[in-house]
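Spelled out, the chains give:
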Amino acid sequence: MTGRRAIEHALAHLLLVVVCGLTLYPVLVVLKTALSSTPALGLSGWPFPTELGFQSFVDVISTRDVQGRWLFGRQLLNSVVIAGATTVLGVAMACTAGYAFSRFRFPGRDLGMSALLVTQMFPGVVMSIPLYLLLDHLHLLNTITGLVLVYSTTSVPFCVWMLKGYFDTIPLDIEHAALVDGASRWTIFTRIVLPLARPALVVTALFSFMTAWNEFILAATFMGDDRSFTLPVVLQRYVGDFGTDWPHFAAGAVLVSIPVMALFFALQRHLVGGLTAGGVKG
Amino acid sequence: MTDLQHPHPALPHGGRGAHGRRSRPYVGSGSFLSCCPFFLITLCAALPAGAEPTTITLWHAYRGGEQQAIEESIRRINGARADFQIVPVAVPNAAYASKLTSALPRGNGPDLFVFAHERIGGWAESGLLMRLETRIDEAELDRFFPETVEPLRFDGSLFGLPMSFKSDVLFYNTSLVEHPPDTTDELIEVASRLTDREAERFGLVYEVASFYHHAAWLHGFGGGVFGSDGSVDLETPENAASFAFVRDLVARYRVSPEDANGALVTEMFNAGRAAMAINGPWFLGEIGDDVPFAVAVLPVVSETGLRGRPFLTSEAVLVNAGTRHPELALEAALALTSDDSALVRALEGRQAVANRAVWSDPRLAGDPVLAVFRAQLPETVPMSNRPEMRSVWEPAQMALRRLLRGAATPEQALTSAQHHFRILTRPSPPEADPTPYWVALALLAAAGIALLWRRARASGVVHQIRGSLHAYAYLAPTALALVGLVFAPFVVATGVSLFAHRSGEWTFVGLRNFFWILSARDFGVTEPMSFYFTLGVTVVWTAVNVALHVSIGVFLAMLMRDLWAPVRGVYRVLLIIPWAVPNYITALIWRGMFHSQFGAINDLLELLGLPEVAWFSGFWTALAANICTNTWLGFPFMMVVTLGALQAIPRELEEAAAVDGAGRLARFRHVTLPLLKPALLPAVVLGSVWTFNMFNIVYLVSGGEPDGASEILISEAYRWAFTRQEQYGYASAYGVLVFISLLIYSRMVRTVTGEGKA
């Protein structure tokens, strides 16, 4: 049987390698374009870089504003701050709500769970105008607070749903024992349950971070000037109506993707654990 | 990203320039400053201590050389002024128009902004622009070319000061073409000589499917957008003749590629594979340094003897009617359009500036390229700035594309364009009486409250609520945020769906919008762009996508599970990359790869000996391209979910089945799959919901091609809101219907897959 096993193994590897190649192909095209100097997208089929020019990267990183201050750095900082704040707020909101849905029984519980799913169905593009008006009334336009609040509410429903599922898999005995010992609900939540739910918390944090880091339209519409823009907004400047500045766009795309990809790679083990334990119980 | 938020796919809005202005004869701030420093000192003394110059914000979408030029001219102006300082803000092109449209009515916009003239009509009607003719001397306008000033007038008022003008001209590679053609017959002859389709060389390369670039031929054949009575009339024999000409360029003389976009024109011209190109001044910044080129005025149409006249864009600085500093803003605008600032923009940004005097400067007079733009100016037709013009682009572009695909004759294409235009500009539904709606709402609310009260009393809910206060405390932050920022806007959007919005005016129309959508009033039920057709496409799109995501994800997970852990880790890492890269980036890349002539996919097909496919010319192929992209993006999620779920499945079960003689497939179907279901089903439901509303991919990859057939509900809703004269009411009604459709669809998915309640 080992011979057959070996063939199956080899076949599996072959398939996986082919699929990996197909999967990575567009990414390689982006990399190739970022390293080239011609203004057009490398439209030929060959995916590997034909030249190694880092000028586009240099140009993108050294963008300055009118006063000569370093703009790219400022926008990078904006992205980091906004994404970070969204992550903290998103995780905080999601884990308290997820715990409530998981552990407590109260009127409106089922309605609440359904409502979470329903929020995913709202047609976001049509709601952007009422959202703009709302933020304006609250004087939150062109502020980091406003954008962070909007991003958090985008990622929270999915995170709550996922965290609830994960909390469901944590046995109740530990909590009952602690209750008997006189611990308060809050202590149980923060000292016992949260540490046990680390994989799911990691996934929640990652999702919130990604939502904020990659988002473009809302940032461009709600923020008022160069110095408050985030990185994806900057990226869009290289795309015009009549032609895209491909090398700069691709270089910017690589730069914007690196942090997220790095996080993904660092945390992927948790992804597998955190994502599905929630799913197992629905 | 092509035109994500911008309504005119063909319309170049490359950069706005800030014009400085310092005109000698003008009796204004210039003379004030130079004659009366004494007054200035007194003024400064009279101001409260620590008074700062007023900040005048200027928005623009320039990049590259034009951006540097405007920043330089602003620096000079700021250096010379103490009463105001101009602060420029560079806005990304894709978001510029919608950002302005959102910000201006709310008083959040800039004091000044640079924009092409064609939106003036709509904005002026909405009262967003300051009328200038009462505030400035008519003599001020003498320094500009009259052709650049006229397009800035609307309804008898002047709304902007011109900075530069743009139009198409003929670019040609001087190593291939010694003498530029002066008639279209010569053009075809020269182009034919230089075309070699085998080697992918073409005589004339330009965006043939763009109505903007087609304008030269449209006017050259004696046609135009507007009829003699001033209304839009596309179905004229002259227009048909121009369409026939373009079709011949592509299909009969075969000197132009069928499907060129801006990036392709640039690439081919730079590679020396395009002998001639028709493009505008923005092209100058994209031509490689090693390409020998020159420009010429567009040729005369041989059939009519009329010269080809492209559209003229007058780029101007406009003043926000809601600015808090009207006098200073106007001063700044005048400074930006002074001759001195114009010179800076002409020399550093290579703009074709609207100031006449600047052109006699020796440094400029010796520039042959700019001289051609100057020579083309009298032979241009300004785009109309009336609001209806904006609704011409979509139908006209579709007609051109249909013509070039061979799916319509010139006459048919123009007739359908006119029909399409009529639909887009149909008047709003008649105003409805809100009273019955208030009554119905009140009744519903009363009934709802009564029902809740009865249920509450019956089940002792009130007591339960009192006992669950701690639960509500945990929920409070999330609930508050969601209600305020998600539910509230949705309720508002639903309310908006009961209104119709035209040029800033809202009228209550009740359920008319819904009635119009559901009765397929504009487009036949089976025609693209009707609600039902789009609904069908959306359902197919969602079902196929999710099926592919799940099968590929599960398949890959099963392949990987038995491998050595570190190797599995490597594969896993590589295969989740599509998930990590922002999807609007990869959507654009995929769009480029599916390009019918020069895309990588067709390259590969050719290598494999298979026929090339015109991906975006046919409904099923466009849908396939979208699905391919979305599947690439979506399978990692399912793969990760499955991998996790597989970890929880005890191997003994499967081994026991194997011992009992079950084959691999049987083991999978009867042992593994049922154990995977609880994990997969929620993912399937969620994935379905996300895919149903997946706007980015459909909008960016196929853009709804062909002719709006591959649109899904959410992207149609977007177009109604942002690209068809801001019909927000109609778009909101569409959005509500999308929501209801999705509710029904997800309910069906849950029933079919047997997923239990959460």
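Residues numbered from 1 in each chain as written. Chains lettered and ligands numbered in written order. Predicted model: local features only at pLDDT ≥ 70, side-chain atom pairs only at ≥ 80, totals over all residues. Heavy atoms only, no water.

1. Quick look at the overall build of chain A
When helices and strands are tallied, chain A shows 12 helices and 0 strands. Taken across its 282 residues, chain A has 59% of its residues classed as buried. Sequence-distant contacts in chain A: of pairs separated by 6 or more residues, those separated by 24 or more amount to 70%. (Helix = DSSP H or I, 4+ residues; strand = E, 2+ residues; numbered from the N terminus. Buried < 20%, exposed > 50% of the residue type's maximum accessible area, 1.4 Å probe, protein only. Contact = heavy atoms within 4.5 Å.)

2. Structural notes on the interface of chain B and chain A
Counting residues at the interface gives 125 residues for chain B and 113 residues for chain A. The junction of chain B with chain A conceals about 10400 Å² of combined surface from both sides, 73% of it contributed by carbon and sulfur atoms. Of all residues in chain B, Arg63, Tyr474 and Leu485 of chain B give up the largest surface area on contact with chain A, accounting jointly for 8% of the area buried on that side. At the junction of chain B and chain A, the tally comes to 0 salt bridges. The residue makeup of the side of chain B that touches chain A, split by class, is 83 nonpolar, 28 polar and 14 charged. (Buried area = accessible area lost by both parts, 1.4 Å probe. Salt bridge = Lys/Arg side-chain N within 4 Å of Asp/Glu carboxyl O. Nonpolar A, V, L, I, M, F, W, Y, C, P; charged D, E, K, R; others polar.)

3. Thoughts on helix H27 (residues 619-647) of chain B
For H27 of chain B, spanning 29 residues, the distance from its first C-alpha to its last is 41 Å, which sits close to the expected 42 Å at 1.5 Å a residue. Along H27 of chain B, the sharpest kink reaches roughly 35°, centred on Trp632 of chain B and followed within four residues by the proline Pro636 of chain B. (Expected span 1.5 Å × (residues − 1). Bend = angle between axes of the 7 residues up to and from the residue.)

4. Focus: the side chain of Thr672 of chain B
Residue and element names in this part refer to chain B. Along the chain, Thr672 turns up in helix H29 (residues 664-692). Judged by its relative accessible area of 2%, Thr672 is buried. Every residue in contact with Thr672, bar those within four places of it in the chain, is listed here: Met558, Leu646, Ile649, Glu654 and Arg667.

5. A short note on the pattern of salt bridges
Across all of its chains, the model carries 21 salt bridges over all chains by this definition. One salt bridge in this structure joins Lys164 of chain A and Asp168 of chain A, with 2.8 Å as the shortest N-O distance. Here Asp168 of chain A and Lys164 of chain A lie together in helix H6 (residues 144-168), a separation of 4 residues that amounts to about one turn. The exposure class assigned to Lys164 of chain A is buried, which follows from its relative accessible area of 4%. Taking the relative accessible area as the measure of exposure, Asp168 of chain A reaches 26% and is therefore partly exposed. The shortest N-O distance in the salt bridge between Arg247 of chain B and Asp248 of chain B comes to 4.0 Å. Looking at Asp248 of chain B, the relative accessible area reads 15%, which means it is buried.

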